[in-house]
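Chain by chain, the residues run as shown.
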Amino acid sequence: MSDPILDLQNLNAYYGDFQALYGVDLTLQPNEVVAVIGANGAGKSTLMKSITGMISNDPGAVRFHGDSIGALRADQIAAKGIALVPEGRQLFPSLSVEENLLIGGKVGRSGAWNLSKVYDLFPVLRERRSQSSTSLSGGQQQMVAIGRALMANPELILFDEISLGLAPVVIKQIYSALPDIVGEGMSALIVEQDISKALSVSSRVFCMMEGRIALESKTSEVTHDQITAAYFGVEA
Amino acid sequence: MEWISAIVQGILLGGLYALFAAGLSLIFGVMRLVNIAHGDLIIFAAYMALSTTMLLGVHPFVAVLIVVPLMAGLGYLLQRGLLNHTLGSDILPPLLVTFGLSVIIQNALLEVFTADPRKLNGGPIETASIDLVGVGIGWLPLLTFAIAVGIIAGLQYIFYRTELGRSFRAVSDNQDIAQLMGLNKAHIFGLAMAMALAVVAVAGILLGMRTSFDPAIGGGRLIFGFEAVIIGGLGNIWGTLAGGVILGVAQTIGAKFDPGYQILSGHIAFLLVLAVRPNGLFPRVEH
(Lines give C-alpha, C1' and ligand atoms only; values in the text may rest on other atoms or scores of the structure.)
Protein backbone atom coordinates (compact mmCIF):
# COMPACT_ATOMS: atom_id res chain seq x y z
CA MET A 1 0.00 0.00 0.00
CA SER A 2 1.22 3.47 -0.81
CA ASP A 3 0.94 6.41 1.55
CA PRO A 4 -2.69 7.32 2.18
CA ILE A 5 -4.05 10.53 0.66
CA LEU A 6 -6.39 11.00 3.61
CA ASP A 7 -5.67 9.73 7.07
CA LEU A 8 -8.03 10.21 9.97
CA GLN A 9 -6.67 9.15 13.33
CA ASN A 10 -8.69 9.15 16.51
CA LEU A 11 -10.93 11.95 15.23
CA ASN A 12 -13.23 13.38 17.87
CA ALA A 13 -15.60 16.11 16.70
CA TYR A 14 -17.80 18.36 18.78
CA TYR A 15 -20.68 20.78 18.35
CA GLY A 16 -20.12 22.86 21.45
CA ASP A 17 -20.42 20.42 24.35
CA PHE A 18 -21.99 17.73 22.23
CA GLN A 19 -19.61 15.10 20.92
CA ALA A 20 -20.60 13.83 17.47
CA LEU A 21 -17.61 11.68 16.52
CA TYR A 22 -15.72 9.30 18.79
CA GLY A 23 -12.22 8.21 17.79
CA VAL A 24 -12.87 7.75 14.09
CA ASP A 25 -10.01 6.12 12.15
CA LEU A 26 -10.25 6.09 8.38
CA THR A 27 -7.72 6.06 5.57
CA LEU A 28 -8.12 6.59 1.88
CA GLN A 29 -5.56 5.57 -0.75
CA PRO A 30 -4.89 7.56 -3.92
CA ASN A 31 -7.46 6.78 -6.65
CA GLU A 32 -9.60 4.87 -4.22
CA VAL A 33 -13.36 5.24 -3.87
CA VAL A 34 -14.64 4.62 -0.39
CA ALA A 35 -18.24 4.57 0.77
CA VAL A 36 -19.44 5.72 4.17
CA ILE A 37 -22.87 4.49 5.14
CA GLY A 38 -24.93 4.74 8.26
CA ALA A 39 -28.29 5.75 9.64
CA ASN A 40 -29.39 9.32 10.20
CA GLY A 41 -27.42 10.90 13.02
CA ALA A 42 -24.63 8.34 12.79
CA GLY A 43 -22.09 11.11 12.18
CA LYS A 44 -21.63 10.92 8.41
CA SER A 45 -22.20 14.60 7.78
CA THR A 46 -20.08 15.55 10.77
CA LEU A 47 -17.31 13.45 9.26
CA MET A 48 -17.64 15.43 6.02
CA LYS A 49 -17.60 18.73 7.88
CA SER A 50 -14.51 17.67 9.80
CA ILE A 51 -12.60 16.74 6.66
CA THR A 52 -13.54 19.93 4.81
CA GLY A 53 -12.85 22.27 7.72
CA MET A 54 -16.41 23.36 8.40
CA ILE A 55 -15.76 22.04 11.90
CA SER A 56 -12.38 22.72 13.44
CA ASN A 57 -10.69 19.77 15.11
CA ASP A 58 -7.43 18.67 16.62
CA PRO A 59 -4.86 19.48 13.88
CA GLY A 60 -3.34 16.01 13.70
CA ALA A 61 -6.64 14.16 13.64
CA VAL A 62 -7.06 14.87 9.93
CA ARG A 63 -4.06 14.44 7.65
CA PHE A 64 -4.03 15.05 3.94
CA HIS A 65 -0.87 13.87 2.15
CA GLY A 66 0.64 13.71 5.63
CA ASP A 67 -0.08 17.39 6.40
CA SER A 68 -2.11 18.12 9.51
CA ILE A 69 -5.21 19.93 8.29
CA GLY A 70 -7.65 19.30 11.14
CA ALA A 71 -7.61 22.90 12.36
CA LEU A 72 -7.43 24.73 9.03
CA ARG A 73 -10.25 26.91 7.66
CA ALA A 74 -12.47 25.51 4.92
CA ASP A 75 -10.97 27.79 2.25
CA GLN A 76 -7.44 26.69 3.17
CA ILE A 77 -8.41 23.03 2.94
CA ALA A 78 -10.13 23.64 -0.40
CA ALA A 79 -6.88 25.14 -1.69
CA LYS A 80 -5.05 21.95 -0.70
CA GLY A 81 -7.31 19.91 -2.97
CA ILE A 82 -10.37 18.65 -1.13
CA ALA A 83 -13.78 19.50 -2.59
CA LEU A 84 -17.25 18.76 -1.29
CA VAL A 85 -20.52 18.16 -3.08
CA PRO A 86 -22.67 19.18 -0.14
CA GLU A 87 -25.85 17.51 1.00
CA GLY A 88 -28.87 19.29 -0.44
CA ARG A 89 -26.70 20.71 -3.26
CA GLN A 90 -26.55 24.18 -1.70
CA LEU A 91 -26.06 26.13 -4.90
CA PHE A 92 -25.81 29.91 -4.79
CA PRO A 93 -29.34 31.07 -5.71
CA SER A 94 -28.37 34.54 -6.91
CA LEU A 95 -25.73 33.13 -9.25
CA SER A 96 -26.38 31.65 -12.68
CA VAL A 97 -25.42 28.06 -13.47
CA GLU A 98 -22.17 29.16 -15.06
CA GLU A 99 -21.38 31.56 -12.22
CA ASN A 100 -21.89 28.73 -9.73
CA LEU A 101 -19.37 26.65 -11.66
CA LEU A 102 -16.93 29.55 -11.88
CA ILE A 103 -17.09 30.08 -8.12
CA GLY A 104 -15.92 26.48 -7.77
CA GLY A 105 -12.88 27.40 -9.84
CA LYS A 106 -12.04 30.25 -7.46
CA VAL A 107 -9.84 27.89 -5.47
CA GLY A 108 -7.30 28.46 -8.20
CA ARG A 109 -5.95 24.93 -8.61
CA SER A 110 -4.99 23.97 -12.11
CA GLY A 111 -5.86 20.61 -13.58
CA ALA A 112 -7.96 18.72 -16.05
CA TRP A 113 -11.32 20.22 -15.14
CA ASN A 114 -12.61 23.44 -16.61
CA LEU A 115 -15.93 24.85 -17.78
CA SER A 116 -16.00 23.09 -21.12
CA LYS A 117 -15.08 19.75 -19.59
CA VAL A 118 -17.87 20.04 -17.04
CA TYR A 119 -20.24 20.90 -19.87
CA ASP A 120 -19.05 17.84 -21.78
CA LEU A 121 -19.81 15.69 -18.74
CA PHE A 122 -23.25 17.26 -18.24
CA PRO A 123 -24.31 18.68 -21.63
CA VAL A 124 -27.65 19.93 -20.28
CA LEU A 125 -25.80 22.48 -18.16
CA ARG A 126 -24.30 24.08 -21.24
CA GLU A 127 -27.78 24.82 -22.56
CA ARG A 128 -28.78 26.30 -19.22
CA ARG A 129 -25.55 28.09 -18.40
CA SER A 130 -27.10 31.55 -18.03
CA GLN A 131 -30.21 30.44 -16.14
CA SER A 132 -30.61 30.98 -12.44
CA SER A 133 -29.48 27.89 -10.57
CA THR A 134 -32.82 27.76 -8.75
CA SER A 135 -34.70 27.29 -12.03
CA LEU A 136 -33.14 23.86 -12.63
CA SER A 137 -34.59 20.50 -11.69
CA GLY A 138 -33.15 18.71 -8.67
CA GLY A 139 -31.02 16.41 -10.80
CA GLN A 140 -29.65 19.29 -12.84
CA GLN A 141 -28.88 21.18 -9.67
CA GLN A 142 -26.97 18.15 -8.45
CA MET A 143 -24.97 18.20 -11.69
CA VAL A 144 -24.11 21.85 -11.02
CA ALA A 145 -23.06 20.96 -7.47
CA ILE A 146 -20.82 18.16 -8.77
CA GLY A 147 -19.46 20.37 -11.54
CA ARG A 148 -18.77 23.15 -9.05
CA ALA A 149 -16.69 20.77 -6.93
CA LEU A 150 -14.84 19.45 -9.98
CA MET A 151 -13.96 22.99 -11.09
CA ALA A 152 -11.66 23.16 -8.06
CA ASN A 153 -9.63 20.30 -9.57
CA PRO A 154 -9.50 18.45 -6.26
CA GLU A 155 -7.44 15.37 -5.50
CA LEU A 156 -10.14 14.19 -3.14
CA ILE A 157 -13.83 14.76 -3.76
CA LEU A 158 -16.49 14.14 -1.13
CA PHE A 159 -20.06 13.35 -2.11
CA ASP A 160 -22.60 13.94 0.64
CA GLU A 161 -25.95 12.26 -0.02
CA ILE A 162 -25.97 12.98 -3.74
CA SER A 163 -29.00 10.80 -4.37
CA LEU A 164 -31.13 12.35 -1.63
CA GLY A 165 -34.43 13.67 -2.93
CA LEU A 166 -33.77 12.70 -6.55
CA ALA A 167 -35.79 10.44 -8.82
CA PRO A 168 -34.29 6.95 -9.35
CA VAL A 169 -33.69 7.62 -13.07
CA VAL A 170 -31.77 10.76 -12.20
CA ILE A 171 -29.75 8.96 -9.54
CA LYS A 172 -28.81 6.38 -12.13
CA GLN A 173 -27.70 9.13 -14.49
CA ILE A 174 -25.58 10.82 -11.83
CA TYR A 175 -23.96 7.58 -10.75
CA SER A 176 -23.18 6.63 -14.32
CA ALA A 177 -21.10 9.80 -14.52
CA LEU A 178 -19.05 8.86 -11.46
CA PRO A 179 -16.52 6.59 -13.21
CA ASP A 180 -15.71 9.46 -15.60
CA ILE A 181 -15.07 11.66 -12.60
CA VAL A 182 -12.97 9.43 -10.41
CA GLY A 183 -11.21 8.04 -13.46
CA GLU A 184 -9.28 11.30 -13.61
CA GLY A 185 -6.91 10.29 -10.83
CA MET A 186 -9.20 11.52 -8.10
CA SER A 187 -10.03 9.83 -4.84
CA ALA A 188 -13.58 9.94 -3.63
CA LEU A 189 -15.45 9.51 -0.39
CA ILE A 190 -19.13 8.80 -0.90
CA VAL A 191 -21.65 9.23 1.85
CA GLU A 192 -24.95 7.62 0.96
CA GLN A 193 -28.22 6.45 2.41
CA ASP A 194 -28.72 4.35 -0.71
CA ILE A 195 -26.42 1.52 0.36
CA SER A 196 -26.53 -0.54 -2.82
CA LYS A 197 -25.61 2.52 -4.90
CA ALA A 198 -22.75 3.34 -2.56
CA LEU A 199 -21.42 -0.20 -2.63
CA SER A 200 -21.70 -0.45 -6.42
CA VAL A 201 -19.07 2.25 -7.01
CA SER A 202 -16.71 1.79 -4.06
CA SER A 203 -13.92 -0.60 -3.21
CA ARG A 204 -14.16 -0.29 0.55
CA VAL A 205 -17.00 0.60 2.87
CA PHE A 206 -17.17 2.09 6.33
CA CYS A 207 -20.37 1.86 8.31
CA MET A 208 -20.93 4.41 11.04
CA MET A 209 -23.11 4.15 14.10
CA GLU A 210 -23.51 6.71 16.88
CA GLY A 211 -20.37 8.61 15.96
CA ARG A 212 -18.14 5.54 15.69
CA ILE A 213 -16.93 3.31 12.88
CA ALA A 214 -18.90 0.10 13.37
CA LEU A 215 -17.63 -1.75 10.32
CA GLU A 216 -14.79 -1.48 7.84
CA SER A 217 -14.59 -3.93 4.99
CA LYS A 218 -13.76 -4.45 1.37
CA THR A 219 -16.93 -4.01 -0.63
CA SER A 220 -16.39 -7.32 -2.36
CA GLU A 221 -16.19 -9.17 0.94
CA VAL A 222 -18.90 -7.50 3.00
CA THR A 223 -22.05 -9.46 3.72
CA HIS A 224 -25.57 -8.28 4.06
CA ASP A 225 -25.69 -9.45 7.67
CA GLN A 226 -22.53 -7.56 8.57
CA ILE A 227 -24.03 -4.35 7.21
CA THR A 228 -27.30 -4.89 8.99
CA ALA A 229 -25.48 -5.44 12.26
CA ALA A 230 -23.29 -2.38 11.85
CA TYR A 231 -26.10 -0.22 10.56
CA PHE A 232 -28.71 -0.98 13.21
CA GLY A 233 -26.44 -2.10 16.02
CA VAL A 234 -28.15 -5.45 16.40
CA GLU A 235 -26.86 -8.90 15.67
CA ALA A 236 -28.75 -10.29 12.71
CA MET B 1 -41.64 77.41 -12.61
CA GLU B 2 -40.69 77.57 -8.95
CA TRP B 3 -42.22 74.14 -8.45
CA ILE B 4 -40.33 72.66 -11.34
CA SER B 5 -37.21 74.17 -9.90
CA ALA B 6 -37.98 72.59 -6.50
CA ILE B 7 -38.45 69.20 -8.12
CA VAL B 8 -35.22 69.48 -10.08
CA GLN B 9 -33.33 70.50 -6.94
CA GLY B 10 -34.91 67.55 -5.15
CA ILE B 11 -33.82 65.12 -7.83
CA LEU B 12 -30.27 66.40 -7.68
CA LEU B 13 -30.29 66.29 -3.86
CA GLY B 14 -31.45 62.70 -4.23
CA GLY B 15 -28.10 61.91 -5.83
CA LEU B 16 -26.36 62.73 -2.55
CA TYR B 17 -28.83 60.63 -0.56
CA ALA B 18 -28.30 57.78 -3.00
CA LEU B 19 -24.59 57.94 -2.22
CA PHE B 20 -25.39 57.73 1.51
CA ALA B 21 -27.61 54.76 0.76
CA ALA B 22 -25.35 52.89 -1.68
CA GLY B 23 -22.73 52.13 0.97
CA LEU B 24 -25.37 51.00 3.46
CA SER B 25 -27.03 48.82 0.87
CA LEU B 26 -23.72 47.23 -0.12
CA ILE B 27 -22.81 46.42 3.48
CA PHE B 28 -26.23 45.01 4.25
CA GLY B 29 -26.41 43.12 0.96
CA VAL B 30 -23.10 41.29 1.33
CA MET B 31 -22.88 40.62 5.06
CA ARG B 32 -26.33 41.36 6.49
CA LEU B 33 -24.73 44.01 8.68
CA VAL B 34 -26.74 47.09 9.61
CA ASN B 35 -24.14 49.77 10.06
CA ILE B 36 -25.41 52.32 12.59
CA ALA B 37 -22.13 54.24 12.32
CA HIS B 38 -22.62 54.85 8.59
CA GLY B 39 -23.67 58.50 8.95
CA ASP B 40 -20.82 59.24 11.35
CA LEU B 41 -18.37 57.65 8.94
CA ILE B 42 -19.67 60.05 6.26
CA ILE B 43 -18.99 62.99 8.57
CA PHE B 44 -15.65 61.46 9.54
CA ALA B 45 -14.73 61.40 5.84
CA ALA B 46 -15.78 65.04 5.51
CA TYR B 47 -13.46 65.99 8.36
CA MET B 48 -10.70 63.91 6.85
CA ALA B 49 -11.15 65.88 3.64
CA LEU B 50 -11.18 69.13 5.62
CA SER B 51 -7.86 68.22 7.23
CA THR B 52 -6.41 67.26 3.86
CA THR B 53 -7.45 70.52 2.20
CA MET B 54 -6.05 72.54 5.11
CA LEU B 55 -2.78 70.64 5.44
CA LEU B 56 -1.99 70.41 1.75
CA GLY B 57 -3.87 73.48 0.53
CA VAL B 58 -5.65 71.48 -2.16
CA HIS B 59 -9.18 71.58 -3.55
CA PRO B 60 -11.66 69.07 -2.05
CA PHE B 61 -11.77 67.29 -5.42
CA VAL B 62 -8.05 66.64 -5.10
CA ALA B 63 -8.59 65.47 -1.52
CA VAL B 64 -10.68 62.65 -2.99
CA LEU B 65 -7.45 61.03 -4.12
CA ILE B 66 -6.29 60.81 -0.52
CA VAL B 67 -9.52 60.36 1.42
CA VAL B 68 -10.97 57.56 -0.73
CA PRO B 69 -8.01 55.18 -0.37
CA LEU B 70 -7.66 56.04 3.33
CA MET B 71 -11.32 55.35 4.01
CA ALA B 72 -11.20 52.14 1.97
CA GLY B 73 -8.19 50.95 3.96
CA LEU B 74 -9.90 51.92 7.19
CA GLY B 75 -12.97 49.98 6.09
CA TYR B 76 -10.95 46.82 5.47
CA LEU B 77 -9.23 47.05 8.84
CA LEU B 78 -12.46 47.92 10.65
CA GLN B 79 -14.19 44.91 9.15
CA ARG B 80 -11.43 42.39 9.79
CA GLY B 81 -10.33 43.79 13.12
CA LEU B 82 -13.72 44.45 14.67
CA LEU B 83 -16.93 43.92 12.75
CA ASN B 84 -16.21 40.36 11.52
CA HIS B 85 -16.10 39.27 15.15
CA THR B 86 -19.62 40.57 15.72
CA LEU B 87 -21.22 38.68 12.84
CA GLY B 88 -23.07 35.48 13.55
CA SER B 89 -26.53 34.09 13.90
CA ASP B 90 -27.44 36.85 16.37
CA ILE B 91 -28.22 40.21 14.73
CA LEU B 92 -27.81 42.20 17.95
CA PRO B 93 -24.00 42.33 18.39
CA PRO B 94 -23.28 44.16 15.09
CA LEU B 95 -26.02 46.68 15.88
CA LEU B 96 -24.60 47.35 19.34
CA VAL B 97 -21.01 47.53 18.19
CA THR B 98 -21.70 49.90 15.28
CA PHE B 99 -23.85 52.00 17.60
CA GLY B 100 -20.89 52.19 19.98
CA LEU B 101 -18.67 53.06 17.06
CA SER B 102 -21.05 55.87 16.18
CA VAL B 103 -20.73 57.35 19.69
CA ILE B 104 -16.96 57.00 19.62
CA ILE B 105 -16.60 58.68 16.22
CA GLN B 106 -18.86 61.58 17.20
CA ASN B 107 -17.00 62.24 20.41
CA ALA B 108 -13.58 61.87 18.85
CA LEU B 109 -14.55 64.41 16.18
CA LEU B 110 -15.89 66.69 18.89
CA GLU B 111 -12.60 66.50 20.80
CA VAL B 112 -10.45 67.21 17.78
CA PHE B 113 -12.56 69.61 15.73
CA THR B 114 -14.95 71.11 18.38
CA ALA B 115 -18.67 71.51 17.73
CA ASP B 116 -18.24 74.49 15.41
CA PRO B 117 -19.83 73.99 12.00
CA ARG B 118 -17.19 73.56 9.28
CA LYS B 119 -17.34 73.47 5.53
CA LEU B 120 -15.19 72.34 2.64
CA ASN B 121 -14.31 75.24 0.38
CA GLY B 122 -15.12 74.17 -3.16
CA GLY B 123 -14.49 77.60 -4.67
CA PRO B 124 -16.49 79.03 -7.59
CA ILE B 125 -18.22 75.74 -8.45
CA GLU B 126 -20.33 76.02 -5.31
CA THR B 127 -22.26 78.98 -6.67
CA ALA B 128 -21.90 78.45 -10.41
CA SER B 129 -25.11 77.46 -12.18
CA ILE B 130 -26.56 77.04 -15.62
CA ASP B 131 -29.95 78.25 -16.70
CA LEU B 132 -32.09 75.60 -18.33
CA VAL B 133 -35.33 77.12 -19.70
CA GLY B 134 -35.81 79.25 -16.66
CA VAL B 135 -34.68 76.68 -14.08
CA GLY B 136 -31.37 77.47 -12.47
CA ILE B 137 -29.30 74.35 -11.92
CA GLY B 138 -26.23 74.48 -9.71
CA TRP B 139 -23.11 72.87 -11.11
CA LEU B 140 -22.25 71.24 -7.80
CA PRO B 141 -25.63 69.49 -7.33
CA LEU B 142 -25.54 68.46 -10.99
CA LEU B 143 -22.04 67.07 -10.58
CA THR B 144 -23.08 65.32 -7.35
CA PHE B 145 -25.94 63.64 -9.15
CA ALA B 146 -23.73 62.60 -12.06
CA ILE B 147 -21.17 61.15 -9.65
CA ALA B 148 -23.93 59.25 -7.83
CA VAL B 149 -25.19 57.75 -11.09
CA GLY B 150 -21.65 56.86 -12.09
CA ILE B 151 -20.84 55.22 -8.75
CA ILE B 152 -24.08 53.25 -8.66
CA ALA B 153 -23.56 52.08 -12.24
CA GLY B 154 -20.04 51.08 -11.23
CA LEU B 155 -21.26 49.15 -8.18
CA GLN B 156 -23.89 47.43 -10.29
CA TYR B 157 -21.23 46.45 -12.82
CA ILE B 158 -18.88 45.14 -10.14
CA PHE B 159 -21.68 43.21 -8.47
CA TYR B 160 -23.06 41.47 -11.52
CA ARG B 161 -20.26 41.41 -14.06
CA THR B 162 -16.99 40.80 -12.25
CA GLU B 163 -15.32 38.00 -10.37
CA LEU B 164 -15.27 40.08 -7.20
CA GLY B 165 -19.01 40.70 -7.47
CA ARG B 166 -19.60 36.98 -7.99
CA SER B 167 -17.71 36.33 -4.76
CA PHE B 168 -19.78 39.00 -2.97
CA ARG B 169 -23.02 37.38 -4.10
CA ALA B 170 -21.82 33.86 -3.29
CA VAL B 171 -20.80 34.83 0.23
CA SER B 172 -24.06 36.72 0.66
CA ASP B 173 -26.03 33.63 -0.44
CA ASN B 174 -24.30 31.04 1.70
CA GLN B 175 -21.24 31.87 3.78
CA ASP B 176 -20.30 28.32 4.72
CA ILE B 177 -20.47 26.93 1.21
CA ALA B 178 -18.63 29.95 -0.19
CA GLN B 179 -15.86 29.25 2.29
CA LEU B 180 -15.73 25.65 0.99
CA MET B 181 -15.21 27.07 -2.50
CA GLY B 182 -12.04 28.70 -1.29
CA LEU B 183 -13.50 32.13 -0.58
CA ASN B 184 -12.35 33.44 2.77
CA LYS B 185 -15.41 35.31 3.95
CA ALA B 186 -13.40 37.41 6.41
CA HIS B 187 -11.42 38.81 3.46
CA ILE B 188 -14.46 39.19 1.18
CA PHE B 189 -16.30 41.09 3.92
CA GLY B 190 -13.25 43.30 4.37
CA LEU B 191 -13.28 44.10 0.65
CA ALA B 192 -17.01 44.88 0.74
CA MET B 193 -16.54 47.27 3.66
CA ALA B 194 -13.56 48.87 1.92
CA MET B 195 -15.70 49.48 -1.14
CA ALA B 196 -18.58 50.84 0.96
CA LEU B 197 -16.31 53.26 2.79
CA ALA B 198 -14.76 54.41 -0.49
CA VAL B 199 -18.30 55.43 -1.50
CA VAL B 200 -18.76 56.99 1.95
CA ALA B 201 -15.63 59.05 1.36
CA VAL B 202 -17.03 60.51 -1.87
CA ALA B 203 -20.38 61.15 -0.17
CA GLY B 204 -18.68 62.90 2.75
CA ILE B 205 -16.71 65.22 0.49
CA LEU B 206 -19.74 66.14 -1.63
CA LEU B 207 -21.78 66.71 1.53
CA GLY B 208 -19.05 68.91 3.00
CA MET B 209 -18.95 71.10 -0.09
CA ARG B 210 -22.72 71.41 -0.23
CA THR B 211 -23.48 72.27 3.40
CA SER B 212 -21.71 72.96 6.64
CA PHE B 213 -21.24 70.03 8.98
CA ASP B 214 -20.45 69.36 12.61
CA PRO B 215 -19.75 66.15 14.54
CA ALA B 216 -23.40 65.67 15.55
CA ILE B 217 -25.09 65.44 12.14
CA GLY B 218 -24.07 61.89 11.24
CA GLY B 219 -27.23 60.37 12.68
CA GLY B 220 -29.42 62.41 10.36
CA ARG B 221 -27.43 61.27 7.30
CA LEU B 222 -27.83 57.67 8.46
CA ILE B 223 -31.62 58.12 8.53
CA PHE B 224 -31.66 59.60 5.01
CA GLY B 225 -29.52 56.74 3.78
CA PHE B 226 -31.74 54.16 5.46
CA GLU B 227 -34.89 55.73 4.06
CA ALA B 228 -33.45 55.78 0.55
CA VAL B 229 -32.47 52.09 0.83
CA ILE B 230 -35.89 51.06 2.11
CA ILE B 231 -37.84 53.16 -0.41
CA GLY B 232 -35.78 51.75 -3.26
CA GLY B 233 -36.09 48.17 -2.05
CA LEU B 234 -33.51 46.14 -0.14
CA GLY B 235 -30.78 44.59 -2.17
CA ASN B 236 -31.36 46.64 -5.30
CA ILE B 237 -28.47 48.98 -6.03
CA TRP B 238 -30.31 51.08 -8.63
CA GLY B 239 -33.22 51.21 -6.18
CA THR B 240 -31.09 53.32 -3.86
CA LEU B 241 -30.95 56.01 -6.54
CA ALA B 242 -34.72 55.94 -6.97
CA GLY B 243 -35.11 56.02 -3.19
CA GLY B 244 -32.72 58.94 -2.86
CA VAL B 245 -34.51 60.89 -5.57
CA ILE B 246 -37.96 60.32 -4.03
CA LEU B 247 -36.65 61.39 -0.65
CA GLY B 248 -34.93 64.45 -2.12
CA VAL B 249 -37.96 65.57 -4.10
CA ALA B 250 -40.26 65.08 -1.09
CA GLN B 251 -37.93 67.23 1.00
CA THR B 252 -37.60 70.10 -1.47
CA ILE B 253 -41.34 70.15 -2.15
CA GLY B 254 -42.04 70.17 1.60
CA ALA B 255 -39.56 73.00 2.02
CA LYS B 256 -41.42 74.92 -0.67
CA PHE B 257 -44.53 75.00 1.55
CA ASP B 258 -42.56 75.87 4.63
CA PRO B 259 -38.81 75.43 5.23
CA GLY B 260 -39.67 73.72 8.52
CA TYR B 261 -41.43 70.93 6.65
CA GLN B 262 -38.36 69.83 4.70
CA ILE B 263 -37.22 66.94 6.91
CA LEU B 264 -40.73 66.00 7.97
CA SER B 265 -42.05 65.66 4.42
CA GLY B 266 -39.15 63.33 3.58
CA HIS B 267 -40.09 61.09 6.49
CA ILE B 268 -43.76 61.20 5.48
CA ALA B 269 -42.91 60.15 1.93
CA PHE B 270 -40.88 57.31 3.40
CA LEU B 271 -43.77 56.16 5.59
CA LEU B 272 -46.19 56.37 2.68
CA VAL B 273 -44.01 54.17 0.51
CA LEU B 274 -43.58 51.75 3.39
CA ALA B 275 -47.36 51.62 3.93
CA VAL B 276 -48.10 50.89 0.28
CA ARG B 277 -45.04 48.80 -0.61
CA PRO B 278 -43.55 47.29 2.55
CA ASN B 279 -40.69 45.78 0.54
CA GLY B 280 -39.87 49.06 -1.16
CA LEU B 281 -40.57 50.05 -4.72
CA PHE B 282 -38.03 47.78 -6.42
CA PRO B 283 -37.22 44.83 -4.18
CA ARG B 284 -34.29 42.64 -5.07
CA VAL B 285 -34.28 41.47 -8.67
CA GLU B 286 -33.03 37.98 -9.40
CA HIS B 287 -30.22 37.73 -11.90
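**Considering the overall build of chain B**
The secondary structure content of chain B amounts to 11 helices and 2 strands. Reading chain B from its N terminus to its C terminus gives the helix and strand order α-α-α-α-β-β-α-α-α-α-α-α-α. Over its C-alpha trace chain B gives a radius of gyration of 19 Å, about what one expects of a compact globule, namely 19 Å for 287 residues. Expressed along its principal axes, the backbone C-alpha trace of chain B runs to roughly 60 × 50 × 30 Å. Put simply, 75% of the contacts in chain B that link residues at least 6 apart link residues at least 24 apart.

**Details of the pairing of strand β1 (residues 129–132) of chain B**
Where β1(B) and strand β2 (residues 135–138) of chain B come together, 4 bridges link them in antiparallel fashion. Bridge pairing links L132(B) to V135(B) in β2(B).

**Focus on helix α3 (residues 60–81) of chain B**
Residues and elements named next belong to chain B. When the terminal C-alpha atoms of α3 are compared, their 30 Å separation across 22 residues agrees well with the 32 Å that a helix rising 1.5 Å per residue should span. Maximum bend of α3: about 30°, positioned at I66, with proline P69 one to four residues after it. The complete set of buried residues in α3 reads P60, A63, V67, V68, M71, A72, L74, G75, L78 and Q79. Those residues of α3 hidden inside the fold are in contact with α2 (38–56) and α8 (185–210).

**A few points about the packing of α2(B) against helix α4 (residues 92–113) of chain B**
Residue and element names in this part refer to chain B. It is the contact of α2 with α4, at a shortest axis distance of 9 Å, that shows an interaxial angle of 25°. With respect to α4, the element α2 is oriented roughly parallel. As for how α2 packs across α4, the hand of that crossing is left-handed. Of the residues in α4, those in contact with D40, L41, I43, F44 and Y47 of α2 are S102, I105, Q106, L109 and F113. Across the contact of α2 with α4, the residue classes break down as 7 nonpolar, 2 polar and 1 charged.

**Remarks on the sheet that holds strand β8 (residues 187–192) of chain A**
All names here are of chain A. Strand order across the open sheet formed by 6 strands is β6-β7-β8-β3-β9-β10, with mixed pairing between neighbours. Each edge of the sheet is formed by a strand with only one pairing partner; in this case those strands are β6 (82–85) and β10 (212–218). Taking the axes of each pair of neighbouring strands and ignoring which way they run, one obtains an average angle of 20° across the sheet. In terms of strand pairing, strand β9 (residues 204–209) meets β10 through 6 bridges, oriented antiparallel. By the bridge assignment for β10, M209 is matched with R212. Docked against the sheet, helix α1 (residues 44–52) engages β3 (33–38), β6, β7 (156–160), β8 and β9, running at close to 150° with respect to β7.

**Some thoughts on helix α9 (residues 218–232) of chain B**
All names here are of chain B. Along its 15 residues, α9 runs 21 Å from first to last C-alpha, staying within 8% of the 21 Å computed at 1.5 Å per residue. Of all 15 residues making up α9, 12 are buried, and the element is well covered by its neighbours. Burial in α9 covers these residues: G218, R221, L222, F224, G225, F226, E227, A228, V229, I230, I231 and G232. Looking at the buried positions of α9, the neighbouring elements they touch are α1 (2–31), α2, α4, α10 (237–257) and α11 (262–276).

**Some words on the environment of A63(B)**
Structurally, the position occupied by A63(B) is in helix α3. Residues A63(B) and L96(B) lie 33 residues apart in sequence; the distance between their C-alpha atoms is 32 Å.

Rules of the game
Residues numbered from 1 in each chain as written. Chains lettered and ligands numbered in written order. Predicted model: local features only at pLDDT ≥ 70, side-chain atom pairs only at ≥ 80, totals over all residues. Helix = DSSP H or I, 4+ residues; strand = E, 2+ residues; numbered from the N terminus. Rg over C-alpha atoms; globule rule 2.2 N^0.38 Å. Contact = placed C-beta atoms within 7 Å. Pairing = 2+ DSSP bridges. Expected span 1.5 Å × (residues − 1). Bend = angle between axes of the 7 residues up to and from the residue. Buried ≥ 20, exposed ≤ 12 C-beta atoms within 10 Å, placed from the backbone. Axes fitted to C-alpha atoms, helices over the stretch in contact; angles between N-to-C directions. Parallel < 35°, antiparallel > 145°, perpendicular 65-115°, else oblique. Left-handed = near helix turned anticlockwise from the far one by under 90°. Nonpolar A, V, L, I, M, F, W, Y, C, P; charged D, E, K, R; others polar.

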